[in-house]
2 protein chains.
Amino acid sequence: MTPAPNPDRRSAQARRNILDTTIELIARNGHANVTIEAIAAAAGVGKTTIYRWWPSKGALALDAINDHVGEALDFPDTGDVVADLRGQITELVNLLNGDIGVVFRGVIAEAQSAPAIGAAILETIIEPRTRACQARLVTAVAVGQLRADIPTRAMVELLYAPVYYRLLLGADALRPQDVPDLLDHCLTGLRSPAGDRMAP
Amino acid sequence: MTPAPNPDRRSAQARRNILDTTIELIARNGHANVTIEAIAAAAGVGKTTIYRWWPSKGALALDAINDHVGEALDFPDTGDVVADLRGQITELVNLLNGDIGVVFRGVIAEAQSAPAIGAAILETIIEPRTRACQARLVTAVAVGQLRADIPTRAMVELLYAPVYYRLLLGADALRPQDVPDLLDHCLTGLRSPAGDRMAP
DNA sequence: ACGCAACGATACGTAGCGTATCGCTACAAT
DNA sequence: ATTGTAGCGATACGCTACGTATCGTTGCGT
C-alpha cells in the first residue's frame, strides 16, 4: 500500500474546491456521469490529489454530502413529538429535493455493489440520525405519546422508509406539503377504527 | 440508428442463456462488477447479440428479473386483508433475500443516474404490483377492514417502503419472520392508544 | 537556509465500452 | 433444390476513464 499521507500538511484550499466541485458536478450530471478526472479538472486540482485522499468516487461524494449538510437535521424537542417529527422530516425532504438529493442517490447507488460505501453511509449519515430520532421517540413513549410496545428502532424505520422509497423508487419527488399526511398515516395506522364489519 | 432487428428470427436459445447467465453472474459478483463482455463470454454468445437486443446492462438485468419472477407475487384475496398482505410481503421478502434481490439492487442503483431504467422499473415491476395491491386494499376498505380516509396508493407505499428501505439502506436484510410485526405496526400505528398523558 | 511532503501536471498500461465487419447458418420463399 | 435474408459468434477497432508512477514545484516547519 502507498504510505499514508500526512493530514496536517493537507491543502485546505484543494479540499474545499474538490468537495464543492463534486456536489456541483454530480448534481448537474448525475453520479454515474461524472468522472474523477472531470472533478479534478473542474476543481483545478491534480487527480493525484483526489486519489491521495479518497479511495473512490462514492467515498468522495459521501464526504462532500457530510461536509455540506453539517449539523443540519438535528432533532428538536418541543414536547410535541408530532410537531418535532413533522419539522425534521420536512427539513429532510427539502434537503433531498435539492442538489444533495441527487448526490445522495448516487452514493446509495454505488453502495449497492460496494459494501464499504454502504457501511460508511450507515455510519456517517443514517445511524447517527437514527439514534437521535430514537432518543426523541423514547421521551415521547415515556410521556405516553407513542406506543410502548414497539421498539423505537422499528418506529424510526417506519417513519423514514417512505421518504427514501420515494427518493429511490418514486415516480416523482415527495413534496414537503405531503409530510403531515404521511406522518399522520404512520401514527394512526391503516386499520379501520370501526373494526371489521365484513360479515353481517 | 441501427435498423431494428426482427424478433421473429431471434434465437430463443441465446436469449435463455443470456438471461440466466445475467442473474447468475450479477448475483455472485454484484451488478457493478459484471461487464457485458463477461456475460457474453459466460453465456457462450457474441456480445454483439446482447447489444442487438438490450440497450444497457441495466435493461438486460431488469429483463432477466422479470423473466425469472414471472407471475409470482400475484395477489390473493382470502377475505382477510391482513393475512393476504402478510403472505404477499413475506413472499417478496424471501425473493429479495435471494439472487433476485442482488440483481434488483443493482438495477435500482443504475436507475439513479439513468431515468430510462427508472421508468422501466416502475412500468414493469412496481406499478403493476402496486395496482394489484391497491385493488386488494380497495375491497378491504369496502368491508371496513381499512380506513377509508387514506388513499390506497399511500397505503401501498407505507406498507412496502420499509421492505425496500431495508433492501437498499439496511445494515442487514429483513427476515421473513419480521414481516408480521412490521405489518402490525403499519396497521395499528405508532400513536399510543392511551393518548397523551404528559401533563398531570 | 534547508528538507520534506503535498501539490499540479503528465505519461502510462489496462479494462471495458459500443460499433463495425467478418464468414456461418437456419429458415422462408420461390 | 436453390437462393436470399438476417440473426448468429467471433474478432478487431478507436475511445474513454481508470488507477499508478513519476516528474519538477511549492509552501511550511525547523
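Residues numbered from 1 in each chain as written. Chains lettered and ligands numbered in written order. Predicted model: local features only at pLDDT ≥ 70, side-chain atom pairs only at ≥ 80, totals over all residues. Heavy atoms only, no water.

## Here we look at the overall build of chain A
Stage number 1. Across its full length, chain A holds nine helices and zero strands.
Stage number 2. The secondary structure elements of chain A, listed N-terminal to C-terminal, are α-α-α-α-α-α-α-α-α.
Stage number 3. Each principal axis of the C-alpha distribution contributes one length, and for chain A these read about 75 × 35 × 30 Å.
Stage number 4. Within chain A, the proportion of its 200 residues that are buried is 48%.
Stage number 5. Per element, the accessible surface of chain A, about 9,500 Å² overall, is 53% carbon and sulfur.
Stage number 6. Distance between charge centroids for chain A: 4 Å, based on 19 positive and 23 negative side chains. (Helix = DSSP H or I, 4+ residues; strand = E, 2+ residues; numbered from the N terminus. Buried < 20%, exposed > 50% of the residue type's maximum accessible area, 1.4 Å probe, protein only. Areas by Shrake-Rupley, 256 points an atom, 1.4 Å probe, with all protein chains shown as cover. Lys, Arg positive; Asp, Glu negative; His and termini not counted. Charge placed at Lys NZ, Arg CZ, Asp CG, Glu CD.)

## Points about the interface of chain B and chain A
Buried accessible area, meaning the area lost when the parts come together, often serves as the stated size of an interface.
Stage number 1. In this assembly, 52 residues from chain B lie in contact with 52 residues from chain A.
Stage number 2. In total, chain B and chain A occlude about 4,900 Å² of area from one another, counting both sides; carbon and sulfur atoms represent 61% of this.
Stage number 3. Linking chain B with chain A are four salt bridges.
Stage number 4. We note a salt bridge from A:Arg147 to B:Asp184, for which the minimum N-O separation is 3.8 Å.
Stage number 5. Counting across the interface, chain B meets chain A through 24 residue pairs in polar contact (both at pLDDT 80 or more).
Stage number 6. Counting only elements with at least two residues in the side of chain B that touches chain A, the list comes to helix H6 (99-111), helix H7 (115-142), helix H8 (152-169) and helix H9 (179-188) of chain B. (Contact = heavy atoms within 4.5 Å. Buried area = accessible area lost by both parts, 1.4 Å probe. Salt bridge = Lys/Arg side-chain N within 4 Å of Asp/Glu carboxyl O. Polar contact = N/O pair within 3.5 Å; in protein donor to acceptor, adjacent residues only side chain to side chain.)

## Some remarks on the protein's contact with DNA strand D
Stage number 1. Taken together, 21 residues lie around DNA strand D, and A:Arg9, B:Asn6, B:Thr48, B:Thr49 and B:Arg52 are the ones closest in.
Stage number 2. Here the atoms of DNA strand D within 4 Å of the protein split so that 65% fall in sugar or phosphate, with bases taking the remainder.
Stage number 3. A distance of 3.0 Å is found between a phosphate oxygen of DNA strand D and a backbone nitrogen or oxygen belonging to B:Ser11.
Stage number 4. Note that a phosphate oxygen of DNA strand D is positioned 2.7 Å from one of the side-chain N or O atoms of B:Arg52.
Stage number 5. Listing elements by their share of the surface near DNA strand D, those giving two or more residues are helix H2 (36-43) and helix H3 (47-53) of chain A together with helix H3 (47-53) of chain B.
Stage number 6. Broken down by element, the surface near DNA strand D gets its largest block of residues, five residues, from H3(B).
Stage number 7. Per-class residue counts for the surface near DNA strand D are six nonpolar, eight polar and seven charged. (Near = heavy atom within 4 Å. Nonpolar A, V, L, I, M, F, W, Y, C, P; charged D, E, K, R; others polar.)

## Some points on the domain arrangement of chain A
Residues and elements named next belong to chain A.
Stage number 1. Taken domain by domain, chain A holds domain 1 (10-67) and domain 2 (71-188).
Stage number 2. Placing a centre on the C-alpha atoms of domain 1 and another on those of domain 2 gives a separation of 27 Å.
Stage number 3. Contacts between domain 1 and domain 2 engage twelve residues on the former and 13 residues on the latter.
Stage number 4. Summing the contributions of domain 1 and of domain 2, the shared interface buries around 1,100 Å²; its carbon and sulfur component is 76%.
Stage number 5. Scanning the region where domain 1 abuts domain 2 turns up zero salt bridges.
Stage number 6. Joining domain 1 to domain 2, the criterion identifies three residue pairs in polar contact (both at pLDDT 80 or more). (Domains from an automatic or database assignment.)

## Notes on the side chain of B:Gln145
Stage number 1. Here B:Gln145 lies in the loop between H7 and H8.
Stage number 2. Polar contacts involving the side chain of B:Gln145 include one to the main-chain amide nitrogen of B:Val81, which spans 3.3 Å.

## A closer look at the nonpolar core
Stage number 1. Among the nonpolar cores identified, the biggest contains 130 residues, and A:Phe104, A:Ile121, A:Tyr164, B:Phe104, B:Ile121 and B:Tyr164 are the most heavily contacted of them.
Stage number 2. Every residue in contact with A:Phe104, bar those within four places of it in the chain, is listed here: A:Ile65, A:Leu96, A:Ile121, A:Ile125, A:Ile126, A:Tyr164 and A:Leu167. (Core = buried A, V, L, I, M, F, W, Y, C linked by side-chain atoms within 4.5 Å.)

## Let's talk about the protein's contact with DNA strand C
Stage number 1. The local shell around DNA strand C holds 20 residues, among which A:Asn6, A:Arg9, A:Thr48, A:Thr49 and A:Arg52 are the closest.
Stage number 2. If you look at DNA strand C and keep only atoms within 4 Å of the protein, 67% of those are sugar or phosphate atoms.
Stage number 3. Within the backbone of A:Gly46, one N or O atom sits 3.4 Å away from a phosphate oxygen of DNA strand C.
Stage number 4. Measuring from a base nitrogen of DNA strand C, one finds a side-chain N or O atom of B:Thr48 at 3.3 Å.
Stage number 5. Among the elements that make up the surface near DNA strand C, the one with the highest residue count is H3(A) (five residues).
Stage number 6. Grouping the amino acids of the surface near DNA strand C by side-chain chemistry returns five nonpolar, eight polar and seven charged.

## So, the state of the cysteines
Stage number 1. According to the stated counting rule, one finds zero disulfides over all chains in the structure shown.
Stage number 2. Considering cysteine sulfurs only, A:Cys186 is the nearest to A:Cys133, which forms no disulfide, with 11 Å between them.
Stage number 3. Free of any disulfide, B:Cys186 has its nearest cysteine sulfur in A:Cys186, 7.1 Å distant.
Stage number 4. We classify B:Cys186 as buried; its relative accessible area is 3%. (Disulfide = S-S within 2.5 Å.)

## Describing the environment of A:Glu127
All names here are of chain A.
Stage number 1. On the secondary structure map, Glu-127 appears in helix H7 (residues 115-142).
Stage number 2. Its relative accessible area of 17% is what places Glu-127 among the buried residues.
Stage number 3. Within the local environment of Glu-127, its side chain forms a polar contact with the side chain of Arg-153, the two groups lying 3.3 Å apart.

## Some details on the packing of helix H1 (residues 12-29) of chain B against helix H4 (residues 57-69) of chain B
Residues and elements named next belong to chain B.
Stage number 1. H4 packs onto H1 with a crossing angle of 100 degrees between their chain directions and a minimal axis gap of 9 Å. As far as their axial angle goes, H4 and H1 are roughly perpendicular. Where H1 approaches H4, its residues Arg-15, Arg-16, Ile-18, Leu-19, Asp-20, Thr-22, Ile-23 and Ile-26 are matched on the opposing element by Leu-60, Ala-61, Asp-63, Ala-64, Ile-65, Asp-67 and His-68.
Stage number 2. Grouping the constituent residues of the contact of H1 with H4 by class yields eight nonpolar, two polar and five charged. (Axes fitted to C-alpha atoms, helices over the stretch in contact; angles between N-to-C directions. Parallel < 35°, antiparallel > 145°, perpendicular 65-115°, else oblique.)

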